[in-house]
Amino acid sequence: MPRARTRPTSRDVAREAGVSQAAVSLVLGDKWRGRVSEATAERVREAARTLGYRPNLAARNLRLGRTRTVLLVVPALTTEFFAGVYTGAARVASRHGFGVVLYPSPEGIGPARDPFASAQAALDGVIASSMAAEALSAIRGDQLPLVMLDSDPAAGGVTVNLDIADGVRQVTEHLLGLGHRHFLHLGADVPSWTFEVRARELEARLRRVPGTSLRTARSPISIKGAEAVAEAALSGHRPTAVVCDDDQLAAGVYKAARRLGLRVPADVSVTGMDDLALASAIDPELTTVRLDAELFGERGMEALLAVLNGEKPSGTSIPVHLEVRGSTTRVP
C-alpha cells in the first residue's frame, strides 16, 4: 500500500532554498525587508511554491495570540454599496492572511445582537460604518482595534472617509452653473455624520450665493419612502433642483415627479449620491456623485492592518467624482 504523502514543512523549504528556518519564517511572514536580501526572499518563495508548502496558520495564530479575523459591521445590505466595501476589504485582507466576517445589522441601522460569545476572543479588529455604529455596543467592538468608516475625525480614533464635502461642492457648482437658485434637499433620515456633512455643506455653499433658497425634507433610505416625502415637498413651492443624499432617494423623486405630471429634468433637475447600478437603470440616467465602495473597503482594511502593526494609518480622504448624466439641465 503506497505511503501517504507527508505535508512539507518549513524545514523542507529551508533545505530546498539553502537558508535557515528563521529566514523562511521571515519571508513567508512578510517580515524579511531589511533582514534578508530580495534574492533570498524570492528563493524561499520559489522553494515554497515548488514543494507546495502552506504555513500552518492555526498554529501560528495560536502562538501569536491572533485569530486573523476582522469583523466588518455595516447596515443591512439593501444596496450594493456595502457589498462593494466588503469586496475591497476582503481583497486586501486575503493578501495578508486575514479573513473578513461581514455583519450586517439585522435592523439595518441601530443595535444588533452579539454574534459571538466573546468578540474579543474571536476577532482581531473591527471595521464599522458610522451608519451602524450602535451595533458596536452590542458586540463590544469598541473594545477592539477599531476603524470607523465615514465618521467624524474630530471624535477621535481612526477614521477612513470619502470626501463627501467635495462631492456636495461638485453637485452645487454644477447646478448653480445651470442657473438653478431654488433647491430642495431630500436628506436621509439617519443620524449619521456622513449625512450631517451633506446637509451642512449644501447649506453653507448656497448661503454664499445671493438669491438662492433651500428647503429640506427628510426621508427613510428607500424608494417608496422617498416617493411619499418628495410628492409632498414638490406639491408646494416647487424647486428647480432636488439634491438627494442617496440614489434611492433620487429614484423616489422620479416617481413622485411623474405622479405630479413633472418631467425630469425639463421641470425639475435631480441629483443623487453613490452611483449605484440604479443610477444608470432609471430614465433619464441620474447625475450623481460616484463613491468608490471597493476602494473605501480597501482603505479601511489597510488602516486596520496598520493599527494592528502599531503603525499610524494615512489620514487622507478618498476622492469622489460627479457623473453628469441626463437628470440635470439648465433652468428654462
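As shown above, the structure is provided for reference.
What counts and what doesn't
Residues numbered from 1 in each chain as written. Predicted model: local features only at pLDDT ≥ 70, side-chain atom pairs only at ≥ 80, totals over all residues. Heavy atoms only, no water. Pairing = 2+ DSSP bridges. Helix = DSSP H or I, 4+ residues; strand = E, 2+ residues; numbered from the N terminus. Axes fitted to C-alpha atoms, helices over the stretch in contact; angles between N-to-C directions. Contact = heavy atoms within 4.5 Å. Buried < 20%, exposed > 50% of the residue type's maximum accessible area, 1.4 Å probe, protein only. Core = buried A, V, L, I, M, F, W, Y, C linked by side-chain atoms within 4.5 Å. Expected span 1.5 Å × (residues − 1).

Asker: What am I meant to see in the sheet that holds strand E7 (residues 213-219) here?
Answerer: In a beta sheet, neighbouring strands are held together by backbone hydrogen bonds and run either parallel or antiparallel to one another. Sheet architecture is open: six strands sit in the order E7-E6-E8-E9-E10-E11, paired in mixed fashion. Across the chains shown, the open sheet's two edge strands, defined by having one partner strand only, are E7 and strand E11 (321-323). Across the sheet, the mean angle separating the axes of adjacent strands is 20° when strand polarity is ignored. Sheet analysis places strand E9 (residues 269-274) next to strand E10 (residues 287-290), joined by four bridges and oriented parallel. Residue pairing for E10: Met-273 is matched across the bridge by Val-289. Seen against the sheet, helix H11 (residues 247-259) touches strand E6 (182-188), E7, strand E8 (241-244), E9 and E10 and runs at an angle of roughly 155° to E9.

Asker: Explain the environment of Val-92 to me, please; I cannot follow it from the model alone.
Answerer: Within the secondary structure layout, Val-92 lies in helix H5 (residues 81-95). Under the relative-accessibility criterion, Val-92 is labelled buried at 1%. Other than its neighbours up to four places away in sequence, Val-92 contacts Glu-298, Met-301, Glu-302 and Leu-305.

Asker: Would you mind going over the nonpolar core with me for this structure?
Answerer: The nonpolar side chains of soluble globular proteins are, as a tendency, buried together. Membership of the largest hydrophobic core comes to 43 residues, with the highest contact counts inside it found for Phe-81, Val-85, Leu-162, Leu-291, Phe-296 and Met-301. Of all the elements in the fold, those that place two or more residues in this core are strand E1 (69-74), H5, strand E4 (146-149), helix H8 (164-177), helix H9 (193-207), E8 and helix H13 (293-308). Look past the residues within four positions of Phe-296 in its chain and what remains in contact with it is Phe-81, Val-85, Leu-149, Asp-150, Val-160, Asn-161, Leu-162 and Ile-318. Ala-217, Val-242, Ile-282 and Leu-286 belong to the second largest nonpolar core, which has 25 residues in total.

Asker: Sorry if this is basic, but what is going on with the pairing of E10 here?
Answerer: Sheet faces and side chains relate simply in a regular strand, where the side chains alternate between the two faces. In this structure, E10 lies alongside E11, joined through three bridges in antiparallel fashion. Looking at the pairing, Val-289 lines up with Leu-322 of E11.

Asker: Would you take a moment to explain H8 for this structure?
Answerer: An α-helix turns once per 3.6 residues; consequently, residues spaced three or four apart project the same way. In a regular helix each residue adds 1.5 Å, so 14 residues correspond to 20 Å; H8 covers 20 Å between its end C-alpha atoms and thus fits that length. Within H8 the residues assigned to the buried category are Ile-164, Gly-167, Val-168, Gln-170, Val-171, Thr-172, His-174, Leu-175 and Leu-176.

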